[in-house]
Amino acid sequence: MRRGERWPGIVVPLVAGLAALWSVVPVGVWFAGADAHAVAEMWRAWLWGSLVAVLGTATVLLLSRGRAGVLAYAWWRRLVGRPPAALIVAVAVVLLAGFAMAMCLLAFAGNPRNVDGFAQLFQARIFLSGRLWAPPPPPAEVANFAILHVITGPLRWFSQYPPGQSLVLAAGLALGAWWLLNPLFAAVLIVATYRVARWCADETAARLAVLLLCLSPFVVAVSGSELSLLPAAALGMLAAAAATAAGAEGRRWVAAVLGSGAALGVMAAFRPLDAVAAAVAVTAILWLAAPADRRVAAVALAGLAGAVLTLPILWYNSRTTGSWHQFGYTYLWGPGHSLGFHPVPFGVPLTPLRAVGLTGNDLYQVNSYLFDAPFPVLLIVFAGLFAGRRRLAARDAVPVAGAAALSALLFFYWWRDTFYGPRFLFAAVPWLVILLARALVLLKRSGRELAPGLSRGAAAVLCYGAAMALGLATIEPSRLALYRSENRVFDLHPDRDARRDGIHRAVVVIPDGWGTRLIVRLEALGVPPPRATRLYAAIDACTLEQTLDRAALDTSGAARARLLPVLDSLAALRRPGVRLDFSADPLLRLPPVPAAADLAPVCREELARDARGFLQFAPYLYLDRPGLHGDIVWAR
């Protein structure tokens, strides 16, 4: 570390230590409603797994007098350290692409798995029809086709999301399957991460980082999904990789700078918030990589390229929502969908304390899901960076900035969910992996010698490696089994079944659950989606069913005109109902009655309909052609 760069040795471990502390103190339980039992169970798994890994490694090292550790590092150098870098990167590309395809086809049955993906796949069908939006179904049929996150009428039918991922899915569908381009983005992620890690740290850390990406169950699962997370992360790292060449001479530095900005602009078409966070790390790389007399020019050129490449997104907004600066999310859900402490479209409103809890829960999930290791990964990152703090330079702050920028933005975002891990943090995962690789390399080189050729730090790294192996061998199989069996409806392929059985010129009706039918009926009767969601959460299903029936059957229109005031008055009673065992849907809430026979007849009919079996319609909307003029129409 040069004399003028003493600050990285203070700032980088300090930020890593804060993140590690935030990840292990249960602020998510205290302030964000996280499951205290699940957190306690994970802590027990970390405790026992760490004990097994540490005691097992220590026993082997003691019995071999350290020779086992020296031999392990010798094999690491032979397998990973000596071969050409191109070979290591190529192996990592093949591994991640292969693991992602195996996850997609074997664990996910080649089907979309997330409600965001259902909407984006339908938008892909719209793009394949040659349009930006489709004509909506007639008002009387809206309830048969409406799904979450798709804007259905009154004039346009389209997804709430930016167009990037839907264009990728459309290309895949045109080639034969939506998932065909996933290996390409996996390859970009690996190559770009290697380039960035080598620039931020060194060759050893870069090789370790790409192998760690391949070993992350979270990365593999997301890479096998239909979501925009993988392309966004790949484009963010591609922008950073291009920025590392900003110190080149001649036209190369201009191409590198313009390329970094262009990649960020394209990334905004997938996940705009992630692109803003990625711009922080890319700007830092440009500033450090470019010569002093070119720094301002480099940042300005990259910003110009990024702005130009966002123009198509703004044009898309103007053609769909009617305003170049309004994305589909706020068009559908209102201003409460944006960042900040304010009322939200659904769920619990965001407050500063809740934001602290949600961020803590994000970091806790990084510990839990990134490698399924029975030890908090962020503690290892802190330990390695602290042990090697005298070797840290300004470049080591870049991955910290890349990961922290996204967490800082999400601090002001009101919604979270878990999709094989903390999915909103996925674009930060390559930066976290680079930090882990750098920390492990620094930790290995630290500490006094325990045995000839083996330091205390090297022994600690072996313990963490054993913990990772233990987690992948014991925790990961159960996770994979859960992913495979958690919702068997996602394994169905009704389009293939229809082709096999020779079904043509038909309407196939998919029986959806009572709760979903109520929500789409509310929207079909003109209740805005944010209000429909809140009303459904505030009124029991039986009362809501009877109220909607009265509005639908009143030929005078008076009941429909009074529907919203009536629903608001019912919601004000604060009788949301309870979950009862005689409902086939465990999430459905009914009046607190002792038996189903005590419910109104129409409610008993709805329960009987669900008892015959129901699926989810949303995963199958994308099978329809926009305009509903295909050979088969799939309907709720």
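Residues numbered from 1 in each chain as written. Predicted model: local features only at pLDDT ≥ 70, side-chain atom pairs only at ≥ 80, totals over all residues. Heavy atoms only, no water.

**Student:** Honestly, the overall build of the chain in this entry has me stumped. Any pointers?
**Tutor:** Scanning the chain for helices and strands turns up 28 helices and 8 strands. By the compact-globule yardstick of 26 Å for 636 residues, the chain fits well, its C-alpha radius of gyration being 27 Å. By principal-axis analysis of the C-alpha atoms, the chain measures approximately 90 × 60 × 50 Å. Burial analysis of the chain (636 residues in total) assigns 54% to the buried set. Summarising the internal contacts of the chain: among those between residues at least 6 apart in sequence, 76% fall at separations of at least 24. Roughly 27700 Å² of accessible area belongs to the chain as shown, and the carbon and sulfur atoms make up 65% of that amount. Between the averaged position of the 57 positive side-chain charges in the chain and that of its 37 negative side-chain charges there is a distance of 12 Å. (Helix = DSSP H or I, 4+ residues; strand = E, 2+ residues; numbered from the N terminus. Rg over C-alpha atoms; globule rule 2.2 N^0.38 Å. Buried < 20%, exposed > 50% of the residue type's maximum accessible area, 1.4 Å probe, protein only. Contact = heavy atoms within 4.5 Å. Areas by Shrake-Rupley, 256 points an atom, 1.4 Å probe, with all protein chains shown as cover. Lys, Arg positive; Asp, Glu negative; His and termini not counted. Charge placed at Lys NZ, Arg CZ, Asp CG, Glu CD.)

**Student:** Would you mind going over the packing of helix 9 (residues 182-200) against helix 20 (residues 429-444) with me for this structure?
**Tutor:** When two helices pack together, you describe them by how their axes are tilted relative to each other and by the distance separating the axes. At a minimum axis distance of 11 Å, the contact between helix 9 and helix 20 shows a crossing angle of 45 degrees. Compared by their axis directions, helix 9 and helix 20 come out oblique. As for the relative orientation of helix 9 and helix 20, their crossing is right-handed in sense. Between helix 9, through Leu189, Thr193, Val196 and Ala197, and helix 20, the contact on the second element is made entirely by Pro430, Trp431 and Ile434. (Axes fitted to C-alpha atoms, helices over the stretch in contact; angles between N-to-C directions. Parallel < 35°, antiparallel > 145°, perpendicular 65-115°, else oblique. Left-handed = near helix turned anticlockwise from the far one by under 90°.)

**Student:** Could you clarify how one ought to interpret the layout of surface pockets in this entry?
**Tutor:** Size it by volume and the second largest pocket reaches roughly 780 Å³. Listed by contribution, the elements that provide at least two residues to the lining of the second largest pocket are helix 6 (115-128), helix 22 (494-500) and strand 8 (632-635). Here the lining of the second largest pocket takes 5 residues from helix 22, the largest share from any one element. Its residues assigned to classes, the lining of the second largest pocket comprises 17 nonpolar, 8 polar and 7 charged. (1 Å grid on protein atoms, 1.4 Å probe; cavity = no way out; pocket = protein on both sides within 12 Å on 5 of 7 lines; lining within 4 Å. Points joined across faces, edges and corners; volume = space filled by probe spheres on them. Nonpolar A, V, L, I, M, F, W, Y, C, P; charged D, E, K, R; others polar.)

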